[in-house]
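Examination of the molecular architecture
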Amino acid sequence: MGGIDHTIFIGAALVLVSIIAGMFSSRLGAPLLLVFLGLGMLAGEDGPLGIHFDDFRLTYLVGSIALAIILFDGGLRTSRTTIKIAMWPAFSLASVGVLLTAVVIGALATYLLDLSPLAGLLVGATVASTDAAAVFLLLHARGTELSKRVSATLELESGINDPMAIFLTIACVQLLTTPGMEIGWHLPLSFFIQMGGGLVLGIAGGYTMLWVINKIEIAPGLYPILAGAGALMIFAGSQLVEASGYVAVYVAGLVLGNNRHRAQAVISRFHDGFAWLSQIGMFLLLGLLATPSTFISHVWAELAIALGLIVLARPFAVWLCLLPFRFTWREKLFISWVGLRGAVPIFLASIPVVAGVPNAQIFFNVAFVVVLASLAIQGWTIASSARFLGLALPPTPEQIDRVGIDLPPSADREAASWRVSEQCPALDIGFPELPLPRRTRIIAVIREGTVMKRETLGRLHIDDYVIALCPPEQLVVLDKLFSTPPKKRRWMWEDDLGEFVLSANSPFGEVCDQYGLPCELPDRNRTLGEVMLERLPKAFVIGDRIKHDSVELVVRTVEKGRITFVGLELEPEIERLPILRIWRRVTSRLLAASR
Amino acid sequence: MDISDLLTPERVIANLHATSKKQALQELARRAAELTGESERAVFDVLLERERLGTTGVGGGIAIPHGRLAGLSSMFGLFARLERPVEFESIDERPVDLIFLLLAPATAGADHLKALARVSRLLRDRGICEKLRGTDKREALFALLADSAASHAA
């Protein structure tokens with residue numbers, strides 16, 4: 001039995017070390033996932049620990065479970081608004097985009113590695129999808145708030161493009177291993193059956209799970225386990241009937257996450273942790289599996305493919321897929337740059353090995369180098385590239401110390417406690433005068449372990465705990481009230497929302513007269529907001545702009561789906577000369593540095 | 001468009017006293033009326049009309065009230081450094097202590113927009129704002145505003 005204890009000990013120790021190392025690396029700003037991969041490699045064959053591990057089957061099993069959990073968690077966290085804003089662009093990127101990327105990389109690999117075109121395409125397919133967890137983590141890690149359409153597109157894309165890459169990979173593997181099988185109509189047909197089946201089973205499974213969770217009474221700690229088991233059942237059940245389990249489990253997560261249910265807070269917190277563990281486990285295992293010394297023989301080709309993906313295949317696919325949508329060139333550039341690759345390519349590359357494709361090690365090695373390069377190059381520069389391209393929006397309060405308390409869904413309220421933090425707006429106001437939103441009630445204030453009497457409370461102190469009941473949509477209002485405002489209070493006008501502010505209620509005619517702009521008669525008596533609404537896409541977001549004569553009008557603030565304030569950009573033509581603008585930024589940085 | 005086309009040393013106020021947004025605008029209107037020969041009431045109304053569409057407090061303690069005045073013959077700028085910051089309904093809720101008033105003739109058209117953009121770009125520079133806050137001499141303030149114009153013209 002000593003062998004098993006040995007394995008458990010090493011496994012648990014690796015996870016523990018990973019979590020602690022992760023904490024340090026996020027302070028240094030290094031991409032976290034790279035650390036896990038590195039630790040796995042250090043423990044592996046070529047590292048000092050020298051653990052010999054080459055069980056691709058086990059890796060495939062663990063990888064499947066981990067990916068299902070990660071996708072389920074991604075679904076839970078994706079809100080209806082994200083889908084509304086980004087559905088079509090994300091869908092385009094996840095379908096056509098993945099195919100295009102695979103084909104471009106396929107051609108490159110065929111040429112560089114001297115493979116058959118089909119084997120080349122397999123290389124392309126394994127590295128074609130972006131990684132949900134990596135994108136989520138890096139987008140949220142450094143307090144970079146992006147324009148909503150960009151972040152929603154990236155998030156949704158990363159959630160839904162794995163099934164496409166998996167389908168392509170498996171199709172290529174089947175074609176390579178089954179002699180006599182040919183490319184024909186059955187391929188697109190099976191694609192639609194798999195995706196459609198996954199969608200249907202995911203919706204059905206998601207609603208069944210919702211119903212069960214709301215129906216039965218069990219110990220609170222069991223709800224997340226129930227959800228997890230349900231998710232894995234939906235995943236494997238779909239796979240068994242030839243539908244895509246990856247689509248199904250993501251969709252089931254979406255259904256559960258966007259409907260009110262019991263134990264919402266416990267389930268989402270548990271699955272956040274669970275997804276994390278899956279991510280860590282997957283990277284560790286993949287790191288263990290890799291034998292870096294075998295990379296050397298083709299290292300230049302592998303690096304060239306990685307580079308080709310970053311600078312050629314991804315930008316090309318993004319540019320083509322986003323043509324029908326409203327994205328500025330800077331947004332497209334950023335979306336291209338955030339084509340982060342994570343564990344999925346390495347996992348996918350283990351499929352040919354398991355399936356016995358001849359010379360399969362090469363797929364694994366290429367995928368590994370691509371992921372390493374992507375995490376190192378793109379992962380490291382994500383926040384600075386957002387700033388450089390001027391896409392970062394003013395940050396919302398950073399440390400929100402809020403803990404949710406579960407209420408039955410019929411209550412239609414959220415209960416939560418907040419820790420009053422330094423410099424928060426609530427400190428300056430007497431307790432009875434706190435500007436509370438509608439239908440909100442403070443239940444108790446706890447100071448140093450004692451529940452305070454309202455009459456003698458006076459003002460809130462730092463580190464008081466406030467427990468309050470409010471409608472779900474007002475949680476953010478209370479967050480702002482009790483949290484430290486963002487440290488770097490950046491001026492709004494630096495953020496490309498226009499130089500001046502106009503109320504959306506202003507008559508459009510008056511606004512035009514004010515600046516000598518032309519205004520057509522029917523527009524004169526309408527409000528600025530109405531005119532903008534007519535010319536914007538249906539799901540508009542902050543930062544969207546319309547051109548009017550020589551100026552541009554920018555959506556600046558939105559409340560409950562209505563535009564409230566509009567920015568006026570006086571010199572949009574500067575915007576349109578990107579090279580000049582970048583040049584000016586570079587020179588001013590250099591000047592500042594030389595001073 | 002240079003700042004020196006809008007401003008002269010006479011149009012710089014080193015220590016304006018005001019306790020509210022309204023008072024600051026009234027005081028600026030009075031000075032602008034004296035310097036242009038227009039009626040104080042007309043200037044004040046034009047500024048108020050613009051504020052009704054949305055605040056001109058652009059954040060960072062800066063305000064750029066502006067408007068078009070029928071009788072004016074050329075673009076007119078007036079810079080004021082406030083003794084004490086006043087509440088201005090700014091977008092970042094910060095009180096304002098540097099104000100650049102800009103009045104344009106009704107016929108100005110594109111020049112009005114260019115001048116506004118120029119002023120807004122100038123006061124976007126945090127370094128310049130710090131220097132402006134640290135000086136209470138009219139000539140020095142004027143020099144800061146006009147000189148910076150040269151380096152920003154590119």
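Residues numbered from 1 in each chain as written. Chains lettered and ligands numbered in written order. Predicted model: local features only at pLDDT ≥ 70, side-chain atom pairs only at ≥ 80, totals over all residues. Heavy atoms only, no water.

A few words on the overall build of chain A. Counting secondary structure elements, chain A contains 22 helices and 11 strands. Scored against the burial criterion, the 595 residues of chain A give a buried share of 50%. Residue pairs at least 24 apart in sequence account for 74% of intrachain contacts in chain A once pairs closer than 6 positions are excluded. (Helix = DSSP H or I, 4+ residues; strand = E, 2+ residues; numbered from the N terminus. Buried < 20%, exposed > 50% of the residue type's maximum accessible area, 1.4 Å probe, protein only. Contact = heavy atoms within 4.5 Å.)

Before going further, it helps to examine the state of the cysteines. All chains considered together, the criterion is met by zero disulfides over all chains. A disulfide-free cysteine, Cys519 of chain A has its sulfur positioned 4.1 Å from the sulfur of Cys512 of chain A, the nearest such atom. (Disulfide = S-S within 2.5 Å.)

In low-pLDDT segments, the atomic positions of the prediction should not be examined closely. Residue and element names in this part refer to chain B. Averaged over all residues, the pLDDT of chain B equals 87, while 95% of them reach at least 70. Averaged pLDDT values over the elements of chain B bottom out at 76 in helix α5 (residues 138-152) and peak at 93 in strand β3 (residues 62-63). Model confidence for the complex is summarised by a pTM of 0.66, with the ipTM given as 0.90. (pLDDT = per-residue confidence, 0-100.)

What follows concerns the environment of Leu320 of chain A. Residues and elements named next belong to chain A. Take Leu320: it is sitting in helix α13 (residues 299-321). Overall, Leu320 belongs to the partly exposed group, its relative accessible area being 34%. C-alpha separation for the pair Leu320 and Leu93, spaced 227 residues apart in sequence, amounts to 9.0 Å.

What follows concerns the sheet that holds strand β3 (residues 402-405) of chain A. Residue and element names in this part refer to chain A. With antiparallel pairing, the five strands of this open sheet are ordered in space as β3-β4-β7-β5-β6. Every other strand in the sheet has two partners, leaving β3 and β6 (450-451) as the edge strands with one partner each. Taken together, the six bridges between strand β4 (residues 414-419) and strand β7 (residues 465-470) define a ladder with antiparallel strand orientation. Across the sheet, the residue bridging to Ala415 is Leu469, located in β7. Across the sheet, helix α17 (residues 475-482) is in contact with β3, β4 and β7; its angle to β4 comes to roughly 15°. (Pairing = 2+ DSSP bridges. Axes fitted to C-alpha atoms, helices over the stretch in contact; angles between N-to-C directions.)

Once that is clear, we can look at the confidence of the model for chain A. A residue-level look at chain A finds 87% of positions with pLDDT of 70 or above and a mean pLDDT of 81. Every residue in residues 487-494 of chain A scores below 50 in pLDDT, and together they form 22 contacts with partners more than four places removed in sequence or on other chains.

Moving on: the interface of chain B and chain A. Contacts between the two partners involve 25 residues from chain B, matched on the other side by 24 residues from chain A. Together chain B and chain A conceal approximately 2400 Å² of surface at their shared face, both sides included; 60% is due to carbon and sulfur atoms. It is Leu53, Leu113 and Arg124 of chain B in chain B that bury the most area against chain A; as a group they hold 29% of the surface buried on that side. Our count for the contact surface shared by chain B and chain A stands at one salt bridge. Arg124 of chain B serves as the salt-bridge partner of Glu499 of chain A, at 3.9 Å between the closest nitrogen and oxygen. Put simply, chain B and chain A have six residue pairs in polar contact (both at pLDDT 80 or more) between them. Counting only elements with at least two residues in the side of chain B that touches chain A, the list comes to α2 (40-53), β4 (66-69), α3 (110-123) and α4 (126-133) of chain B. Of the residues forming the side of chain B that touches chain A, the biggest block, seven residues, is contributed by α3 of chain B. Class assignment for the residues of the side of chain B that touches chain A results in 11 nonpolar, seven polar and seven charged. (Buried area = accessible area lost by both parts, 1.4 Å probe. Salt bridge = Lys/Arg side-chain N within 4 Å of Asp/Glu carboxyl O. Polar contact = N/O pair within 3.5 Å; in protein donor to acceptor, adjacent residues only side chain to side chain. Nonpolar A, V, L, I, M, F, W, Y, C, P; charged D, E, K, R; others polar.)

Before going further, it helps to spend a moment on unusual backbone geometry. Residue and element names in this part refer to chain A. Despite not being glycine, Asp114 has its phi angle at roughly 60°, a positive value. Inspection of the secondary structure puts Asp114 in the loop between α4 (80-113) and α5 (117-126). Accessibility expressed as a relative area gives 69% for Asp114, which makes it exposed. For Asn359, which is not glycine, the phi torsion reads 65° and is therefore positive.

Moving on: the pattern of salt bridges. Residues and elements named next belong to chain A. Going through the model one piece at a time under the given rule, you end up with 22 salt bridges over all chains. The salt bridge partner of Arg419 is Asp463, with a shortest N-O separation of 2.2 Å. Of this pair, Arg419 sits in strand β4 while Asp463 is found in the loop between β6 and β7, placing the two residues 44 residues apart along the sequence. Classification of Asp463 as partly exposed rests on a relative accessible area of 42%.

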